[in-house]
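Descriptive analysis of the structure
Read off the chains here:
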Amino acid sequence: MSTRSADIAEILGRELGAGRVIGAGDDRLADYGRDETTPAMLPEGLVPPACAVLCEDADEVAAVLRICAERAVPVTPRGAGSGMVGGALPVRGGVVLSTERMQRILEISSDDLVAVVEPGVITGQLQEAVEAQGLFYPPDPASLAMCSIGGNAATNAGGPRAFKYGVTREYILGLDVALMGGERLRVGRRTAKGVTGYDLVAGFVGSEGTFGVTTQLTVKLLPLPPGVSTLLAVFADVRAASDAIAALLGRGIRPRVLELADRASIDHVRKRSRYRFPDGAGAIVLLEVDGDPDALDAQVLRIGQDCERHGALDVLVAQSPTERRALWEARRQISPSLREAHRTKINEDLCVPRGAIGEMLARVDRVSAEVGLPVAVFGHAGDGNLHVNLLVDDDPADPAVKAQIADAVGRLFAETVALRGTLTGEHGVGLTKRDHMGVEQDERVLEWQRRWKAMWDPADLLNPGKVLPARRRACTE
Ligand SMILES: Cc1cc2nc3c(=O)[nH]c(=O)nc-3n(C[C@H](O)[C@H](O)[C@H](O)COP(=O)(O)OP(=O)(O)OC[C@H]3O[C@@H](n4cnc5c(N)ncnc54)[C@H](O)[C@@H]3O)c2cc1C
């Protein structure tokens, strides 16, 4: 049975109650056709949603997926809409299924070190709730004040603390999912260990809402580290900073955070920052260690001395939460400062093997000069995950500027893969990187992923048009 887009809002309204469906003519619907993706990076011809549905529990999610499957209406799952690759934007219209009203923390167990939550819970709120009980949920995407835990699982989100603690996948033990058609599954477990059967949780995590809709998550917690100490070291250039980082890691230090920012980033942040950067500042390293408070002082002192030995122009250490916030300010203000100073900023989250960071930074400079677009680079040096920001002051809708951006992005991806890196360390593929997948992955690898997607969603109705590019040619063995 096929249904006109206009009718689906009415059908879902009858099922869930009219107040839960935002249909055509409601100003709020436009919000469900955008997210935090730079508009210049989105492909032409996206069909806006016919309606958005605000589900309140798993039964409703399953009902929406059943009704839409019966009528061949595409469904796009949406958490908080903070995604940067267009993952929550419909390609073929249809229904946006929002989990924003599924925000209950159902359980926090200090005995089992787990929390059970609904997918719409805001990540920062989960962190606060568990920390109030002396527990710790480490994944910390910079968007944690706005993004949802369901969205984090769908994109396998990471953050600065990933260097020591890993990314979201390592904290998802179990998932309740609803499939297109309405079938419901519980996959995974509650235990710290478990190897029964294939690891379906690992498959759903990072599937960007194309396999199923998560309706409940069991996440792993840790005891809250008793002490944290933060250090900011300023260097003359990224080469000196990279050498210092290599020396620190070489002697076995495992910071929980290891952030790097380049000269262009510092130049943008200088005006807003309360910290007066020394003359000649060309790179900063922000480093954080956690653990036994009695041992931290000595550890940080030694790290500071190591940085000075490697030419640091200044080293600042913070121990109190206020001092720590002040040091983080320099790092946190980079992105807003870049956005404020330029008409458009395109943030690619490339990831290279850690040993290739210095070479990648040199190649980024070369691409920037060849294409004629300035860049600012900051990111998670511990993981080789670099946010390369292309800074655009001309109209990005101008075809010549569009071509310039596409050229820069294409070259950056090619350099990344040449250094055995990967196109995205955090944000996911979504729409904006979909057509670049072939740069990194073999056509046969893409074809197996298409088969995997077809297993969960044979009619290609759940978040269609995402992650996997269209087939280029018949795949032969
Ligand atoms: C300022 C800023 C900073 C950021 N920093 C980081 C960072 O440090 N690290 C990082 O990894 N990302 C970062 N991001 C990107 C973004 O916040 C993450 O990708 C986040 O995980 C998206 O969560 P969300 O709830 O907003 O999901 P949405 O944007 O709503 O959706 C993202 C994807 O998840 C799917 N999805 C959402 N909920 C579900 C569900 N319940 N079931 C199935 N699929 C679902 C959607 O279909 C879509 O494909 C940042 C974004 C911004 C704007």
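**Topic: the overall build of the protein chain**
The helix and strand tally for the protein chain stands at 15 helices and 18 strands. Here the C-alpha radius of gyration of the protein chain, 23 Å, is about what a compact globule of 477 residues would show, namely 23 Å. Principal axes of the C-alpha set define a box for the protein chain whose edges measure 70 × 60 × 50 Å. When the 477 residues of the protein chain are sorted by exposure, 46% land in the buried category. Summarising the internal contacts of the protein chain: among those between residues at least 6 apart in sequence, 73% fall at separations of at least 24.

**Regarding the sheet that holds strand 6 (residues 114-117)**
Taken in spatial order, the five strands make up an open sheet running 5-6-10-8-9, and their pairing is antiparallel. Edge positions in the sheet fall to strand 5 (105-109) and strand 9 (184-188), since each has one partner strand and no second. This sheet shows a mean twist of 10° between the axes of neighbouring strands, independent of strand direction. Summarising the sheet, strand 8 (residues 172-178) and strand 9 pair through five bridges and their orientation is antiparallel. The residue of strand 9 that forms the bridge with D176 is R186.

**Remarks on the site of the ligand**
Residues in contact with the ligand amount to 35 residues; listed here are only the nearest, G79, G83, G87, G151 and G209. Only strand 3 (75-78), helix 4 (149-155) and strand 10 (213-220) provide two or more residues apiece to the shell around the ligand. When residues of the shell around the ligand are assigned to their parent elements, the largest contribution, five residues, is made by helix 4. Of the residues belonging to the shell around the ligand, the class tally is eleven nonpolar, 19 polar and five charged. Domain assignment of the residues forming the shell around the ligand places at least three in each of domain 1 (5-98) and domain 2 (105-223).

**Some points on the environment of Y137**
Inspection of the secondary structure puts Y137 in the loop between strand 7 (135-136) and helix 4. Once the C-alpha coordinates of Y137 and V114 are considered, the two residues, 23 residues apart in sequence, prove to be 9.3 Å apart. Not counting residues up to four positions away in its chain, the partners in contact with Y137 are L126, Q127, V130, Y171, V219 and L221.

**Digging into the sheet that holds strand 1 (residues 21-23)**
Within a sheet, adjacent strands bond to each other through the backbone by hydrogen bonds, running parallel or antiparallel. Read from one edge of the open sheet, four strands run 1-2-4-3, paired in mixed fashion. Here the strands that pair on one side only, and so sit at the sheet edges, are strand 1 and strand 3. This sheet shows a mean twist of 20° between the axes of neighbouring strands, independent of strand direction. Of the strands in this sheet, strand 2 (51-54), strand 3 and strand 4 (95-98) touch helix 2 (residues 58-70), which is tilted by about 165° from strand 4.

**Structural notes on the packing of helix 7 (residues 238-250) against helix 9 (residues 293-309)**
The interhelical angle for the contact between helix 7 and helix 9, taken along N-to-C directions, is 140°, at an axis separation of 9 Å. As judged from the angle between their axes, helix 7 and helix 9 are oblique. The chirality of how helix 7 crosses helix 9 is right-handed. Taken together, the residues of helix 9 that come into contact with helix 7 (itself represented by A244, A247 and L248) are I303, D306 and C307. In terms of residue class, the contact of helix 7 with helix 9 is built from five nonpolar, no polar and one charged.

**Topic: the packing of helix 12 (residues 357-371) against helix 13 (residues 399-418)**
The contact between helix 12 and helix 13 brings their axes to 10 Å, and the two run at 155°. Between helix 12 and helix 13, the crossing angle belongs to the class labelled roughly antiparallel. Relative to helix 13, the crossing made by helix 12 is right-handed. Listed contacts from helix 13 to M360, R363, V364, V367 and V371 of helix 12 are Q404, D407, A408, R411, L412, E415 and T416. Grouping the constituent residues of the contact of helix 12 with helix 13 by class yields six nonpolar, two polar and four charged.

**Here's the deal with the domain arrangement of the protein chain**
Taken domain by domain, the protein chain consists of domain 1 (5-98), domain 2 (105-223), domain 3 (227-334) and domain 4 (342-430). The C-alpha centroid of domain 4 is placed 31 Å from the C-alpha centroid of domain 1. Classifying every residue of the side of domain 1 that touches domain 4 by side-chain character gives four nonpolar, four polar and no charged.

**Examining the environment of A202**
Position of A202 among the secondary structure elements: in helix 6 (residues 200-204). On a C-alpha basis, the gap between A202 and A153 in space is 9.7 Å, while along the polypeptide they are 49 residues apart.

Rules behind the numbers
Along each chain, residues carry numbers from 1 onward, in the same order as the chain's sequence is written. Since the coordinates come from a predicted model, pLDDT governs what is reported: local features require at least 70, and pairs of side-chain atoms require 80 or more to be given and counted, while whole-chain, interface and lining totals use all residues. Only DSSP runs of H or I covering at least 4 residues are called helices, and only runs of E covering at least 2 are called strands; the numbering of each starts at the N terminus. Here the globule rule reads 2.2 Å times residues to the power 0.38, and the radius of gyration is calculated from C-alpha atoms. Between the buried cut of 20 or more and the exposed cut of 12 or fewer other C-beta atoms within 10 Å of a residue's own C-beta lies the partly exposed class, and all C-beta atoms are placed from the backbone. Throughout, a residue-residue contact means that the two C-beta atoms, derived from backbone geometry, are no farther apart than 7 Å. For two strands to be treated as a pair, DSSP must find no fewer than two bridges joining them. Axes here mean lines fitted to C-alpha atoms, for a helix over just the part in contact, with angles spanning 0 to 180 degrees between N-to-C directions. Using a C-beta atom placed from the backbone, a residue is scored as near a molecule or strand whenever that atom is within 6 Å of it. In this classification, Asp, Glu, Lys and Arg are treated as charged, Ala, Val, Leu, Ile, Met, Phe, Trp, Tyr, Cys and Pro as nonpolar, and every other residue, Gly included, as polar. Domain boundaries shown here were taken from an automatic or database domain assignment. Angle categories: roughly parallel below 35 degrees, roughly antiparallel above 145, roughly perpendicular from 65 to 115, and oblique for all the rest. For any helix crossing, the convention is left-handed if the near helix is rotated counterclockwise from the far helix by under a right angle, and right-handed if that rotation is clockwise.

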